[in-house]
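# Overview (structure and organization)
The residues making up each chain are set out below.
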Amino acid sequence: MLAVAGGIWWYSVSQRAIREQDLAAALTIWDAPVGPASPYGKTFLTQDTKQQAALKAFSDVLAKHSGSREGFIAQYYLGTIKAQKSDTKGAESDLRLVADSGSEVSPLAKIALAQLYSGEKKTAEAQGLLRSLVNSPTDLVSKAQAQILLAQLDQSANPKESKAVLQSIDKSDRERPAVTRAADALSGQLAAK
């Protein structure tokens, strides 16, 4: 029985390592610079060539590892690349699947999806996603970060609501320099209106 448990554990660890290697290879493509050939690593001559290679690499990871942590990360990157290429339907589909997955990258997908909806003037949908992050913050997206993003979204359409959201940021969060800078900058923009 102990040998079977050991075999299962070893298999699980080795499969995770394979998934991580596949994702790391795709991320290497995504992180490669655009420009002339370099002796220091892979480069792409154009942004479009790089995006096509990244789409293929992340698609391969997703095809092999769907439903895993690495699969959700790959699908998140697929959605963001599609959004950059103005494939809003494809981006929305990928990002929605990740946002609804409950995976650790789900909050980032919600933010990307909110930005996509905002660009399409689907403000209510974008607000709903950001409010869900305010109500259920995570290690990746704090309540204060979600509140600032929500206030940014609301600033032109509803400046009063935006101010109220900024004022609701917890006092302990306001002691963090990044939160203070972002909230103060947005408050200054709202005061100028």
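Everything discussed here concerns the structure shown above.
Residues numbered from 1 in each chain as written. Predicted model: local features only at pLDDT ≥ 70, side-chain atom pairs only at ≥ 80, totals over all residues. Heavy atoms only, no water.

### Some points on helix H6 (residues 123-135)
- Taking 1.5 Å of rise per residue, the 13 residues of H6 would be expected to cover 18 Å, and the 18 Å separating its terminal C-alpha atoms lies within 8% of that figure.
- Where H6 is buried, its residues touch helix H4 (88-99), helix H5 (106-119) and helix H7 (143-154). (Helix = DSSP H or I, 4+ residues; strand = E, 2+ residues; numbered from the N terminus. Expected span 1.5 Å × (residues − 1). Contact = heavy atoms within 4.5 Å.)

### Comments concerning the nonpolar core
- Of all hydrophobic cores here, the largest spans 45 residues; its most connected members are Phe58, Tyr76, Leu113, Leu130, Leu166 and Ile169.
- Per element, the largest residue contribution to this core is 7 residues, and it comes from H5.
- Apart from residues no more than four positions distant in its own chain, Phe58 is found in contact with Leu23, Ala26, Leu27, Trp30, Ala74, Tyr77, Leu78 and Ile81. (Core = buried A, V, L, I, M, F, W, Y, C linked by side-chain atoms within 4.5 Å. Buried < 20%, exposed > 50% of the residue type's maximum accessible area, 1.4 Å probe, protein only.)

### Focus: the packing of aromatic side chains
- Under the criterion given, the structure shown has 3 aromatic pairs.
- With centroids separated by 6.1 Å and ring planes inclined at 65 degrees, the aromatic side chains of Trp30 and Tyr77 adopt a geometry described as edge-to-face. Of this pair, Trp30 sits in helix H1 (residues 2-31) while Tyr77 sits in helix H3 (residues 69-84), and the two are 47 residues apart along the sequence.
- Here Trp30 falls in the buried class, since its relative accessible area comes to 16%.
- Pairing Phe58 with Tyr77 gives two aromatic rings, centres 4.9 Å apart and planes at 5 degrees, and the pair type is stacked. Of this pair, Phe58 sits in helix H2 (residues 47-65) while Tyr77 sits in helix H3, placing them 19 residues apart in sequence.
- Classification of Phe58 by relative accessible area gives buried; the value is 0%.
- Chaining the aromatic ring pairs together yields one cluster made of Trp30, Phe58, Tyr76 and Tyr77. (Phe/Tyr/Trp six-rings, centres within 6.5 Å; stacked < 30°, edge-to-face > 60°.)

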